[in-house]
Amino acid sequence: MKITRLLLPLLCCMALVGFAQNKNNPNPSVALDKTNRQDCGTPLPSLKLIQEQAKLIKQLAPKGINASPNLFIPLKIHIVRQSNGTGGLPTSTLETAIATLNTTYASMNMNFFMCSSIHYIDNDELYQLDVEKENTRLVLNNVNDAINIYFVGSLTTNGTAINGISSFPGANALDNRMILSNDVAGNGITLPHEMGHYWNLYHTYETFYGAELVNGSNCNSAGDFICDTPADPCGGFALNCQYTGTTRDANGQLYSPMVNNLMSCYGVCRNSFTAGQYARMTDGYALRNLYMNANTYTLACSATMALAPDNLNLSVTGCKINISWTDNATNEMGYIIEMATSMAGPFMAIGRTTANATSFSDDAFHTDGATYYYRVVAANSNAAYSVVNSIVFNPVNGACYCIPNTLTCSDGDAISNVTIRQGSTVLLSQNSACTVSGYSLTNTPETILQKGNTYSFGITIPATTYQDGAIAWVDFNKNGNFENNEVVFSKAKAVWTDASATFTVPAGAMAGQTRMRVSVMYNSDPTDPCASPVEAMGYGEIEDYIITIAEAVCDPPLALDVSRCGQGVATLNASGCVGTTNWYATATSETAIATGASYTTPVLTNDAVYYVSCQSDFCTSTRTAIQVKLHINLSFAGVAQVAGSYRVSQSITSTADVTSGTSYYAGKAIMLEAGFQAGPNEVFLASIEGCP
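A brief look at the structure comes next. (Residues numbered from 1 in each chain as written. Predicted model: local features only at pLDDT ≥ 70, side-chain atom pairs only at ≥ 80, totals over all residues. Heavy atoms only, no water.)

Regarding the pattern of salt bridges
One pass over the full model with this rule turns up nine salt bridges. Its salt-bridge partner being Arg 137, residue Glu 125 comes within 2.5 Å of it at the nearest N-O pair. Taken together, the residues Glu 125 in helix H4 (residues 124-127) and Arg 137 in helix H5 (residues 131-138) connect sequence positions 12 residues apart. When its relative accessible area of 29% is taken as the criterion, Arg 137 is described as partly exposed. Salt-bridge contacts for Asp 544 lead to Arg 515; the nearest nitrogen and oxygen are separated by 2.9 Å. Taken together, the residues Asp 544 in strand E25 (residues 540-550) and Arg 515 in strand E24 (residues 512-522) connect sequence positions 29 residues apart. With respect to burial, Asp 544 and Arg 515 carry one shared label: buried. Residues participating in the shared-partner salt-bridge network are Glu 125, Glu 134 and Arg 137. (Salt bridge = Lys/Arg side-chain N within 4 Å of Asp/Glu carboxyl O. Helix = DSSP H or I, 4+ residues; strand = E, 2+ residues; numbered from the N terminus. Buried < 20%, exposed > 50% of the residue type's maximum accessible area, 1.4 Å probe, protein only.)

Some words on the side chain of Ser 621
You can see Ser 621 is positioned in the loop between strand E32 (608-615) and strand E33 (624-631). Ser 621 sits in the buried class, given a relative accessible area of 7%. Residue contacts for Ser 621: discarding those within four places in its chain leaves Cys 554, Asp 555, Pro 556, Pro 557, Ser 613 and Cys 614. (Contact = heavy atoms within 4.5 Å.)

Regarding the nonpolar core
Membership of the largest hydrophobic core comes to 38 residues, with the highest contact counts inside it found for Tyr 105, Ile 147, Ile 149, Met 195 and Trp 199. Listed by contribution, the elements that provide at least two residues to this core are strand E2 (71-81), helix H3 (91-104), strand E3 (110-114), strand E6 (147-152), strand E9 (177-181), helix H6 (190-198) and helix H7 (275-291). No other element matches E2, which puts five residues into this core. With residues up to four places along the chain from it excluded, the contact list for Tyr 105 reads Met 110, Phe 112, Pro 192, Met 195, Gly 196, Trp 199, Phe 273 and Met 281. One finds Ile 415, Val 418, Ile 420 and Val 505 within the second-largest nonpolar core, a separate group that totals 26 residues. (Core = buried A, V, L, I, M, F, W, Y, C linked by side-chain atoms within 4.5 Å.)

Some thoughts on the state of the cysteines
In the structure shown here, the tally under the stated rule is nine disulfides. One disulfide in the model links Cys 219 with Cys 227; its S-S distance is 1.8 Å. Residues Cys 219 and Cys 227 are joined through a disulfide that is right-handed, its torsion about the S-S bond being 80°. Under the relative-accessibility criterion, Cys 227 is labelled partly exposed at 43%. A sulfur-sulfur separation of 2.0 Å characterises the disulfide bridge that pairs Cys 565 with Cys 691. Judged by the torsion about the S-S bond (-85°), the Cys 565/Cys 691 disulfide is left-handed. Taken as a pair, Cys 565 in strand E27 (residues 562-565) and Cys 691 in the segment after strand E41 (684-688) lie far apart in primary sequence, 126 residues in all. (Disulfide = S-S within 2.5 Å.)

Some words on the packing of helix H2 (residues 47-60) against H7
Look at H2 against H7: their axes get within 10 Å of each other, and the N-to-C directions meet at 95°. With respect to H7, the element H2 is oriented roughly perpendicular. The residues of H7 that touch H2, namely those facing Gln 53, Leu 56, Ile 57 and Leu 60, are Asp 283, Ala 286, Leu 287, Leu 290 and Tyr 291. Broken down by class, the residue content of the contact of H2 with H7 amounts to seven nonpolar, one polar and one charged. (Axes fitted to C-alpha atoms, helices over the stretch in contact; angles between N-to-C directions. Parallel < 35°, antiparallel > 145°, perpendicular 65-115°, else oblique. Nonpolar A, V, L, I, M, F, W, Y, C, P; charged D, E, K, R; others polar.)

Side note on H7
Here H7 is 17 residues long and its end C-alpha atoms lie 25 Å apart, about the 24 Å a rise of 1.5 Å per residue gives. Taken together, the buried positions of H7 are occupied by Gln 277, Tyr 278, Arg 280, Met 281, Gly 284, Tyr 285, Ala 286, Leu 287, Arg 288 and Tyr 291. For H7, the elements touching its buried residues are H2, E2, H3, E3 and H6. (Expected span 1.5 Å × (residues − 1).)

A closer look at unusual backbone geometry
The step from Gly 345 to Pro 346 runs through a cis peptide bond, and the omega angle for that step is 5°. Structurally, Pro 346 can be placed in the loop between strand E12 (335-340) and strand E13 (348-353). Phi at Lys 478 is positive, roughly 55°, even though this residue is not glycine. Assignment of secondary structure puts Lys 478 in the loop between strand E21 (468-474) and strand E22 (487-494). Phi at Met 537 takes a positive value of approximately 55°, unusual for a residue other than glycine. Tracing the sequence through the fold places Met 537 in the loop between E24 and E25.

If you want it as structure tokens, here you go:
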């Protein structure tokens, strides 16, 4: 159903992020609910999970686990800069932000501190972070013994600019993070607000689990589940931080929200928490402790340095680069693998392992012949890097191709059939079904395309009411990339089921096995062979096919052997060549001695052989041999001889049995030896004339 299509991208993010503040509208007039997620852009935990966690908290409270006289919370700060190392958050702003955070949380005895030096990440894409696209890459940098806080140049989610984003209590180490935009890092509001989400606070205006009533009668089961934060409609707010709204709740009562609450939506007015919120965050701390262990993450940053791994070894298997190392640490919380394209960096995290691991395979797309640099570090706040090692990527079995991100094709945005035809001949007709990942590689049957030949490409998709766009490439230069000049088919987004187009294999295409990639994307015109457009919302399918490019087959020209009487020139003729007819003196000579449909030889004194071939823009035929026979002397054995005229420049010797119509012409002598005969009444002519 269409509603599924609208909600799916939001639901997919549930495991990644929690609340976020709206950057463009710090004082939104609309509360968050199932159909309007603009304020936060990300979904909340399910009601079932909330109920389960509430039970856990009740079990912990009698044991006193959620009470602590003094809590020291380690922070790992990651400052994302542009690729050239500029644009990072100033350390003075960071220091102010942490100081304000400590002031805000002093009432619950939480003390936040940087347990190690700042980690800098230099990457333009992560600097202008789109959470939907890049969160997975960013959190590869997470350490597992502190709260990871990332500061980026700009932050968006679902196309909406936001101030910050956080996560709720859980066991996933990759969710142990929050992200803030640089320009709000020091405002004294966003960091405490996101930290509130980290400890399980919801917005005061939350309606996802039901709207809280002004009289507070449902405060334990609706809104933010806290009873000393008044019901909040998130609207009607004046510059003097006085609520001026006229909105009423379901009972007709006017709202009177707390505009200075840090979890509200009232911009610069926000500066405090309530006692109930502090109590819920204390429970949230206990809940996180329940999830934390050596296999997930902890908040127990140690000053003891995790020793650097050594013996870093790199190798290529197929299209993967394998990294192995010796594990020297005893306290590592896992390992982070980083890669760069130069010795000087910048290095980027490309993978993670668990503790005690000693190997990792990098199966991302790599450029043939390029050099890649790797290093490994423990996923601890304090850890030493391994030495850098490098490898030149030369794939074992030819070019390697990028693997597209996971797509959803079960809703009709899929490929049903792909065909390639040459005239009426079907070279490929492949029916396919939607795969789990939305990507597949078809190895058989092998499809052979010849250089210079023109083919018809056809595609069928399921009949739906959705608009889909499509495109197909063939990697003609076999470099592992699908490039703009290799597009063989494209279809602008529309409602359709069948489409086709013709294409010609370039004369310069590289012969041998290569790939064709076919992409169908919802609501967009796909152009990137390795990713789906934002407009596609994750719906579509990509299929790869093995294609073999062959040299075009040219038929050799037609030519007959030539003979002449005596020495002299001979004229050779060839026909049937669509292109250029080339004449050669030998079977292997590279340079043609003449071109054209005919060739006149120089004066010949002996028999000779010449060669002719046909060359077009796309192919060169095999060479045909033409015999040139010079008739100087002839000798006929004692067998029946076919009637005809025989001319030589010198002499004819014959013991043959001739019939009427046989004539001998020789320049010097005709010798009829024993055995020669002509039948009764048969006329035989012999003349000393030689060549005319």
